[in-house]
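Listed below, chain by chain, are the residues.
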Amino acid sequence: MTETPEQQGWATAKTLAEALPYIQHYDRETVVIKYGGHAMGEESVAKLFAADAVLLKMLGLHPVVVHGGGPQISAMLKRAGVESTFVEGLRVTDAATMEVAEMVLSGAINKEIANWITMAGAEADVRGVGLSGKDARLITAEKVRRTRKNPETGAEEEIDLGFVGEPTKIDPQMILNLIHADHDYIPVVAPIGVSKDGETYNINADTVAGALAGALKAKRMLLLTDVPGVLDKDGELMRQLSVAEAREAIATGVATGGMIPKLETAIAAVEAGVEAVVILDGRRPHAMLVELFTEHGAGTLIRA
């Protein structure tokens, strides 16, 4: 039987009333959102994400968005005729690649997300502000050091990944100024950092989100991915993990592939002071709202 408009109205009101305890729980709390994967490439899904981010701000939360852009960088490198080299599955970022990566991340993607947020929040004057780690010493970085075993000698040898960095210091002052301003701003951060001597580095966006969430002592960090969360050996969603259980999932091979670095990021963020990290499917509309404002949540929650 089809619901009448009146019935739909009562259902909406009931949902809002049930969300009240959760809205109060997150009132004036910071939530860092890692936004990436294929959800970022679809305009309709991107617009829904922007509207949900605006809703979080209107409900009294302080959302901070960190975005990736691997597929978009690959596409632009191809168009520019720049060949990518991979070592152990990691892209080597030479000077030409770094130039393209910064252009795509800090330019195209960053400003597009900020603009979607500004458009979604136009009625209430909520504005997206696009930043990179280069702004106001937000992210100080250094070159990533990676090693591998030489297949012939068995000796450990260093892999040179070029301009791939990791954060050594987060200065959250500018982000704090924006989220606590009299006006409603939502910071959108591109994962680019700069070293003490001025060298620019491309940084894994999950790593940046974790480091920033730790520096902001965020209530929640949401890692939006292309999977429902952490799956057990039977393919069932694991709804909650302690840090110890997350480490065990990595050690026993329950977590594989790209889920391993996500869990490592979650563990590091919780140990840096974030109350909990949630790995959830960003392709599903309103996944953030389901996670934050309903009893059941979405995805896998990792806490101490």
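Every chain is numbered on its own, with residues counted from 1 as its sequence reads. Totals for whole chains, interfaces and linings use every residue, but because this is a predicted model, local features are given only for residues with pLDDT of at least 70 and side-chain atom pairs only at 80 or more, for both listing and counting. Water and hydrogen atoms were dropped before computing side-chain values, which therefore reflect all heavy atoms in the structure.

**Topic: the packing of aromatic side chains**
Step number 1: In this analysis, rings of Phe, Tyr and Trp, with Trp reduced to its six-membered ring, are considered paired at centre separations within 6.5 Å, and the interplanar angle assigns stacked below 30 degrees, edge-to-face beyond 60, and tilted for intermediate values. In the structure shown here, the tally under the stated rule is three aromatic pairs.
Step number 2: Measuring from centroid to centroid gives 6.5 Å for Tyr26 and Phe293, while their planes differ by 85°, and the two rings are edge-to-face. Here Tyr26, found in the loop between helix 1 (5-25) and strand 1 (30-35), pairs with Phe293, found in helix 9 (residues 287-293); they are 267 residues apart in sequence, far enough to count as distant. Here Tyr26 matches Phe293 in class, with each residue buried.
Step number 3: Ring geometry for Phe163 against Tyr201: centres 6.2 Å apart, planes inclined by 45°, an arrangement best described as tilted. Here Phe163, found in the loop between strand 8 (156-159) and strand 9 (164-170), pairs with Tyr201, found in strand 12 (residues 200-203); they are 38 residues apart in sequence, far enough to count as distant.
Step number 4: Exposure remark for Phe163: the relative accessible area of 24% places this residue in the partly exposed category.
Step number 5: The buried label applies to any residue whose accessible area, calculated with a 1.4 Å probe on protein chains only, is under 20% of its type's maximum; exposed applies above 50%, and partly exposed to all values in between. Tyr201 gets classed as buried once you look at its relative accessible area, which sits at 10%. To qualify as a helix, a DSSP run of H or I must reach at least 4 residues; to qualify as a strand, a run of E must reach at least 2; elements of each kind are numbered from the N terminus.

**Some words on the layout of surface pockets**
Step number 1: Roughly 1400 Å³ of internal volume is contained in the largest pocket.
Step number 2: Put plainly, a pocket is an open set of points on a 1 Å grid over the protein atoms alone with protein on both sides within 12 Å along at least five of seven lines, a cavity is a set where a 1.4 Å probe fits but cannot get out, and a lining residue has an atom within 4 Å of a point. Leu90, Ile203, Asn204, Ala205 and Asp206 are the residues nearest the centre of the largest pocket, which is lined by 42 residues in total.
Step number 3: Where the lining of the largest pocket is concerned, the elements lending two or more residues are helix 3 (70-80), strand 4 (90-92), strand 9, strand 12, helix 6 (205-216), strand 13 (220-225) and helix 8 (259-271).
Step number 4: Split by residue class, the lining of the largest pocket holds 18 nonpolar, 16 polar and eight charged.
Step number 5: Grid points are joined across faces, edges and corners, and a volume is the space filled by probe spheres set on the points. A volume near 290 Å³ is recorded for the second largest pocket.
Step number 6: Together, 13 residues line the second largest pocket, and Thr15, Leu16, Ala19, Phe293 and Thr294 are the ones closest to its centre.
Step number 7: Elements represented by at least two residues in the lining of the second largest pocket include exactly helix 1 and helix 9.
Step number 8: With seven residues, the top contributor of residues to the lining of the second largest pocket is helix 1. Each residue gets one label: Ala, Val, Leu, Ile, Met, Phe, Trp, Tyr, Cys and Pro are nonpolar, Asp, Glu, Lys and Arg are charged, and the others, such as Gly, are polar.

Note that all results are geometric; they support no functional claim without further evidence.
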